[in-house]
Amino acid sequence: MSESFTLKPIAEAAIPRALEKAERYRLLSDPEQAESICLDILAADPDNEPALVVLILSVTDQFGRSGTRGVHKAHEYVGRLTDTYQQHYYKGLIWEREARACLTQPMGSCFAYEGFRSAMACYERANVLSPADDDEAILRWNACVRTIQQRKLEPPPPEVELPLE
């Protein structure tokens, strides 16, 4: 027989310190703990965009460790962001990190190429909306290009339709 537990809410006044802890856990390569803290913050303040950003990063930090489990959750969290630039940028980051996780899998290079191209399209949309002093989308776009070139990634071959007898 399994015990049932109820999560304990955090105080709204504790959110800034909790967010600092989440960021620290990410930097310590403990994205699961950072994710948990962000979920606690969002339970107390569902519209807390800094927590959403750290949550997206924490979920995508786990790509590769657990395959790409969490991709759908990450996209859902991006949909909750209100800033269009951030939506495009973080959508690109999800695609890019998923593509990088594919590179570690056998036969993943075709999927990786498509993922990098999707990321680059998102970064291009983000760049159009970025503040003048923010070239982050360009930096990410360039990183994708370099990976495609260094790994000699190519699009998957077109599917050949076999004739029916």
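Just so it is clear, the structure is predicted and the values come from calculations on it, not from any experiment.

For the rest of this paragraph, the subject is the overall build of the chain. Looking only at helices and strands, one finds 7 helices and 0 strands in the chain. Mapped in sequence order, the helices and strands of the chain form the string α-α-α-α-α-α-α. Reported as C-alpha extents along the three principal axes, the dimensions of the chain are approximately 65 × 55 × 30 Å. The burial tally for the chain puts 38% of its 165 residues in the buried class.

Another point: the packing of aromatic side chains. Going through the model one piece at a time under the given rule, you end up with 3 aromatic pairs. Summarising the aromatic geometry, the rings of Tyr85 and Tyr89 are spaced 6.0 Å apart at their centres and angled 20° between planes, so their arrangement reads as stacked. Of this pair, Tyr85 and Tyr89 both sit in helix H5 (residues 84-102), 4 residues apart, which is roughly one turn of the helix. Here the two residues Tyr85 and Tyr89 agree in accessibility, since each one is buried. Residues Tyr89 and Tyr90 carry aromatic rings whose centres are separated by 5.0 Å and whose planes lie at 90° to one another, so their mutual orientation is edge-to-face. Of the two residues examined, Tyr89 and Tyr90, each falls in the buried class.

Tracing the backbone shows Pro131 in the loop between helix H6 (109-129) and helix H7 (136-151). Classification of Pro131 by relative accessible area gives partly exposed; the value is 42%. Linking Pro131 and Asp61, residues 70 residues apart in sequence, is a C-alpha distance of 26 Å.

With 13 residues, helix H1 (residues 15-27) ought to run about 18 Å at 1.5 Å a step, and its terminal C-alpha atoms sit 18 Å apart, in line with that. By the burial criterion, the buried members of H1 are Ile15, Ala18, Leu19 and Ala22. The buried residues of H1 occupy one face: seen down the axis, they fall within an arc of 100°. For H1, the exposed residues lying more than 90 degrees away from the buried face are Arg17 and Leu27. At its buried positions, H1 is contacted by helix H2 (31-44) and helix H3 (49-61).

So, about the pattern of salt bridges. The tally for this structure, following the rule as stated, stands at 5 salt bridges. Between Asp61 and Arg97 there is a salt bridge, with the nearest N and O atoms lying 2.6 Å from each other. Of this pair, Asp61 sits in helix H3 while Arg97 is found in helix H5, placing the two residues 36 residues apart along the sequence. Judged by relative accessible area, Asp61 falls into the partly exposed class, the value being 22%. Salt-bridge contacts for Arg100 lead to Glu96; the nearest nitrogen and oxygen are separated by 3.0 Å.

Cut-offs and rules
Residues numbered from 1 in each chain as written. Predicted model: local features only at pLDDT ≥ 70, side-chain atom pairs only at ≥ 80, totals over all residues. Heavy atoms only, no water. Helix = DSSP H or I, 4+ residues; strand = E, 2+ residues; numbered from the N terminus. Buried < 20%, exposed > 50% of the residue type's maximum accessible area, 1.4 Å probe, protein only. Phe/Tyr/Trp six-rings, centres within 6.5 Å; stacked < 30°, edge-to-face > 60°. Expected span 1.5 Å × (residues − 1). Arc of directions from axis to C-beta. Contact = heavy atoms within 4.5 Å. Salt bridge = Lys/Arg side-chain N within 4 Å of Asp/Glu carboxyl O.

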